[in-house]
Amino acid sequence: MKFNVLVSVTILLVVIMVADAFGAESNVATASEREKALEAKLQALESQLEDANQTIAELKSQLESAGVTESGAAQQTGTQGSVAAASTDSEQAPAKAAAVTPGTASASPTAVTNVPGPGLGSPVSPFKEREIARLGQDVPASVTYLGAQTLQLGGVEDVSRLEFLSPGLRYGQTGHDIRQAMRGARSNSIGPEAVPVVGLYEDGVAIATSTEGLNSFLDVERVDVLRGPQNTNYGQRAYAGAVSIVSNKPTFDGINGYAEAENGLPDKTRWRMALNLPASDTLAFRVAGLSESRSGWINNYYLESDSDDLNDRKVQTIRASVLWQATEDLSVLIWSRYQDENGTGSAPWGYQQVGAYVNGVLEPGNQFALPGATPDGGPWDVNRNFISAAQFENWVNTVDLNWDIGFASLQWLFNFTSFHGQQIYDNDYTDRYLARTSPFSGWDTSQTGWSNELRLASEPGGSLNWLAGLYWSDRDAEWGWLESFEGEAFQPAWDVHGSYTTDTQAAFGQVTYDFNDRFSVTGGLRWNDESKTMKTGQKGSWDDVLWKAVGEYRFSTDIMSYVSVSTGYRAGGINTAPGVNPTWEPEKLTAYEWGLKSVLADGDLMLNLALYFNDFSDAQSQSFLVLPYPGSPEATEYTGNGGSLDARGIEAEIQWSPMPQWNIATQVSYTKAEFGNFTAPNLDGLGDIPGHSNGDQLSFNGWRPALSPEWVIGFQTFYTFPLDDWGTVTPYLQTTYASDYYINDINLAGTRQASHTRTDVRFIWQAPKGNFQLQFYYLNAEDEAVMNWARVYNPAARPDITTVQANWGNPNTYGIIFDYRF
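Keep in mind the model is a prediction, meaning the values are calculated, not measured.

Caption draft 1: Expanded view of the overall build of the protein chain. In terms of helices and strands, the protein chain carries six helices and 46 strands. The proportion of buried residues among the 822 residues of the protein chain is 59%. When the accessible surface of the protein chain is totalled, it reaches about 31100 Å², and 58% of it is carbon and sulfur.

Caption draft 2: View of the side chain of Thr671. Within the secondary structure, Thr671 is located in strand S34 (residues 662-681). You can call Thr671 buried: its relative accessible area is 9%. A distance of 3.3 Å separates the side chain of Thr671 from the side chain of Tyr612, its partner in a polar contact. Once residues lying within four places of it in the same chain are set aside, the contact partners of Thr671 are Tyr612, Arg648, Gly649, Pro709 and Glu710.

Caption draft 3: Summary view of the sheet that holds strand S6 (residues 185-186). The three strands are arranged S2-S5-S6 in an open sheet whose pairing can be described as antiparallel. Each of the sheet's edge strands pairs with one partner strand only, and the pair in question is strand S2 (169-170) and S6. Taken together, the two bridges between strand S5 (residues 181-182) and S6 define a ladder with antiparallel strand orientation. In the sheet register, Ala181 faces S6, and the bridge partner there is Arg186.

Caption draft 4: The arrangement of the packing of aromatic side chains in detail. Summed over all chains, the structure comprises 25 aromatic pairs. Measuring from ring centre to ring centre gives 5.0 Å for Tyr553 and Phe555, while their planes differ by 75 degrees; the resulting arrangement is edge-to-face. Overall, the relative accessible area of 46% leaves Phe555 in the partly exposed class. The interplanar angle of 80 degrees and the centroid separation of 5.6 Å between the aromatic rings of Phe675 and Phe700 together place this pair among those described as edge-to-face. Pair noted here: Phe675 is in strand S34 and Phe700 is in the loop between strand S36 (697-699) and strand S37 (711-719), with a separation of 25 residues, a long-range link. The residues Phe675 and Phe700 share a single accessibility class, namely buried. An aromatic cluster of at least three residues, connected via ring pairs, comprises Trp349, Phe368, Tyr425, Tyr429, Trp443, Trp479 and Trp481. Over the ring of Tyr793 we find Arg791, and its NZ or CZ is 4.0 Å from the ring centre.

Caption draft 5: Region of interest: the confidence of the model for the protein chain. In the predicted model, the protein chain carries a mean pLDDT of 84, and 82% of its residues have values of at least 70. This stretch, residues 1-34, has a pLDDT under 50; its non-local contacts, to residues over four places away or in other chains, come to 27 contacts. Below pLDDT 50 for its whole length, residues 64-123 participates in 198 contacts with residues either more than four positions away or in separate chains.

Caption draft 6: Looking closely at the environment of Ile559. On the secondary structure map, Ile559 appears in strand S28 (residues 559-570). Not counting residues up to four positions away in its chain, the partners in contact with Ile559 are Arg554, Leu596, Lys597, Ser598 and Leu600.

Caption draft 7: Fine view of the environment of Ile764. Take Ile764: it is sitting in strand S42 (residues 756-766). Between the alpha carbons of Ile764 and Ile817 there is a distance of 9.2 Å; along the sequence they are 53 residues apart.

Caption draft 8: Up close: the nonpolar core. In this structure, Leu162, Val223, Tyr351, Phe700, Trp703 and Ile746 are the most contacted members of the largest nonpolar core, which totals 75 residues. The element contributing the most residues to this core is strand S44 (residues 787-793), with five residues. When sequence neighbours within four positions are dropped, the list of residues in contact with Ile746 reads Leu683, Leu698, Phe700, Trp703, Thr751 and Val792.

Caption draft 9: Spatial organisation of the environment of Met659. Along the chain, the position of Met659 falls in strand S33 (residues 635-659). Through-space distance from the C-alpha of Met659 to that of Tyr719 is 9.4 Å; in sequence the pair is 60 residues apart.

Caption draft 10: Summary view of the pairing of strand S10 (residues 241-247). Most of S10 sits inside the fold, with seven of its seven residues counted as buried. Side chains Gly241, Val243, Ile245 and Ser247 project from S10 onto one buried face, and the interleaved Ala242, Ser244 and Val246 project onto a second face that is buried too.

Caption draft 11: Representation of the sheet that holds strand S8 (residues 205-206) within the structure. Pairing within the open sheet is mixed, and its five strands lie in the order S1-S9-S10-S7-S8. Edge positions in the sheet fall to strand S1 (142-147) and S8, since each has one partner strand and no second. Pairing between strand S7 (residues 198-202) and S8: two bridges, direction antiparallel. Bridge pairing in S8 places Tyr201 opposite Ala206.

Caption draft 12: Region of the structure containing a nonpolar patch on the surface. Taken together, the side chains of Leu464, Val511, Tyr513, Phe515, Phe519, Tyr553 and Phe555 make up a nonpolar region of the molecular surface, amounting to roughly 650 Å² of accessible area. Along the chain, the position of Leu464 falls in strand S23 (residues 464-485).

Caption draft 13: Summary view of the pattern of salt bridges. For the coordinates displayed, the defined rule picks out 37 salt bridges. Among the salt bridges present, the one from Arg554 reaches Asp138, with a minimum N-O distance of 2.1 Å. One end of the pair, Arg554, is in strand S27 (residues 539-554); the other, Asp138, is in the loop between helix H4 (126-133) and S1, with 416 residues separating them in the sequence. Residue classification places Arg554 among the buried positions, given a relative accessible area of 10%. Residue Asp138 is classed as buried on the basis of its relative accessible area, which comes to 15%. For Glu163, the salt bridge identified is with Arg170, shortest N-O distance 3.5 Å. Assessed through its relative accessible area of 7%, Glu163 is described here as buried. Three or more residues joined by partner-sharing salt bridges are found here, namely Glu157, Glu262, Lys268, Arg270, Glu292 and Arg294.

Definitions and limits used
Residues numbered from 1 in each chain as written. Predicted model: local features only at pLDDT ≥ 70, side-chain atom pairs only at ≥ 80, totals over all residues. Heavy atoms only, no water. Helix = DSSP H or I, 4+ residues; strand = E, 2+ residues; numbered from the N terminus. Buried < 20%, exposed > 50% of the residue type's maximum accessible area, 1.4 Å probe, protein only. Areas by Shrake-Rupley, 256 points an atom, 1.4 Å probe, with all protein chains shown as cover. Polar contact = N/O pair within 3.5 Å; in protein donor to acceptor, adjacent residues only side chain to side chain. Contact = heavy atoms within 4.5 Å. Pairing = 2+ DSSP bridges. Phe/Tyr/Trp six-rings, centres within 6.5 Å; stacked < 30°, edge-to-face > 60°. Lys NZ or Arg CZ within 6 Å of the ring centre and 35° of its normal. pLDDT = per-residue confidence, 0-100. Core = buried A, V, L, I, M, F, W, Y, C linked by side-chain atoms within 4.5 Å. Patch = residues over 30% accessible without salt bridge, like charges linked within 9 Å, V, L, I, M, F, W, Y side chains within 5 Å. Salt bridge = Lys/Arg side-chain N within 4 Å of Asp/Glu carboxyl O.

Now the structure itself:
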């Protein structure tokens, strides 16, 4: 470990020195060469200055329209209020305010949203995206800011591709449920009782379920990825980190918007639009919509047509928002989003049986299939004769009030969300009918929830900044399993009818004190209480006090270092399966981090470095139980506390603009994550695993948690070529390397994903006026089949074996996008 860290740091230092050398004259260069270098650098700086002046002009226009003076006495219009929500007297102040609260349960990690995002269809500009990326340079935490242009270039339409642009974040999926992982923490359950390890937030509102987490991004200004526990500000859902989606808000700077059309394979059509409409000096509206239709990329050969292909998608979503600037000090933002989606889906726990352990030997393929069943042809080629469906309806409504009361700013955030979803799949994974595989053919749920949050934050600018808040929420879920019989799906008799409810209350506070211009400390506390009631009537409650401490030292205006210690927490829960512990205890995390943030080479190079150590205790595990009782569900999963888990690593982000039209970015993460004293019940069929089998218990000691590759290296670059009166053309390259890893905590051959790369290519033509853009994309050029999750369990049809049920990522896709802005 020490050697690998030393090598990584050495490589990064070499990169810094080489990059810095490009930004200065060579000592051995001739006078002519030095003169040419100076002229080139002057031209680059003049170009950057022109872009900067344009950005400043746009910013002043927005501030004046919002009634905010240059002195920053009034609160910024249209942000999510937080300690950072008010503008201040100096350039450094917004960043310092952001350092007070890098993430909140209801607000975006910082509210410094007055830097205009480029938006979809804007000219490819390293400068504009660089300014968004550098919003986090004064935040003493590991955070990546991704602007709208960066997201579009990276092909990010939802959370599934964020892992290619942010170190430390990994993505898993089964069916329509996301299973994100970060720094050794992994999401090992879905459903209404599941608590994610990486919290997902849209404009400050927690996205409650793993199913809703796959909603399409719509009219996004930027996405912020925070690594490390964010529980003190976000609550327990941000156990290992948080992803905050920041949408474009209504503005008073005139009528504007964009329209986008996309056509691609497999048979994909996508339309997207947004319109900003100021009605007066105090009232502005914004509406955005999206419609998408695509065929399934998992070929089902049961029917000759593609109507039964898995994972097709039809989505319609609309978002409407209104901003009322009631006074100079009071603003109200109301927004509502509705999404309707239907398609074939795949399967809630993975769509393919890749193999099974029989008496300790891994046998490939579906080992409980009936004789005569057609075997699957590959990761994206299956044979299924039972209906597969995924249907979802989601409605989110939010009121965000911000009031500057003089000595502090007050925010009230209220949200009401409703969600209905259903997933159905062929649970024998064949084109034959098998009467006894498992009665679980899917699920159906209707959920409603509301939340309130009050925040009072001091006016920034002084040496002492503080934040205090209250949070309370209630969520009710009607959840029912579905069983199949003779081609129909229905709720079985063994399933108990009723609601699953979760009530949460929290009180939190945070204080930052600046001893001088260089050194500051931050401390935060959060008391969190959560109560759960199962639909069986069983109840449980858990509470804890979470804390964090941060020390920050600024070596210069461009180089800052920090040290932090924080705690994370995932509440316990209730098991309904017979013969197992009736509850499981909370999982806890203590995280230590050292970070360095710097801007070098005359502002052309940004380099961030973080070293971390995560100490998990009572880590939760998923186990499987066969129930040979008449009238029972025959088999079920349940949760327990396996034991200890440690993760340590190093992460680096580099962004370099050697010249205004050229941008290079890379992300490097090294993770060493291993289970310690961690056990779970053994599974029939695994046989004797040396060093791990111990009677009816299975030791995970030395195994790696799911989705934790040691090395992940991402690289992106683009260069804009001028075409004189014909506009510009920009080739873009993105590639990611991941070393081998396991997609399940049980580290056996069937769950191992080999090392691989995934490469994307884009070519973008920009019209001379910059209002029209045409781009061609080719994603996953290697056509790499990557497993991103697996369930390891005993099927009811063959309880003597342990089968591996896997989910695969997308194959290669390509298409063309038209963008128009006005």
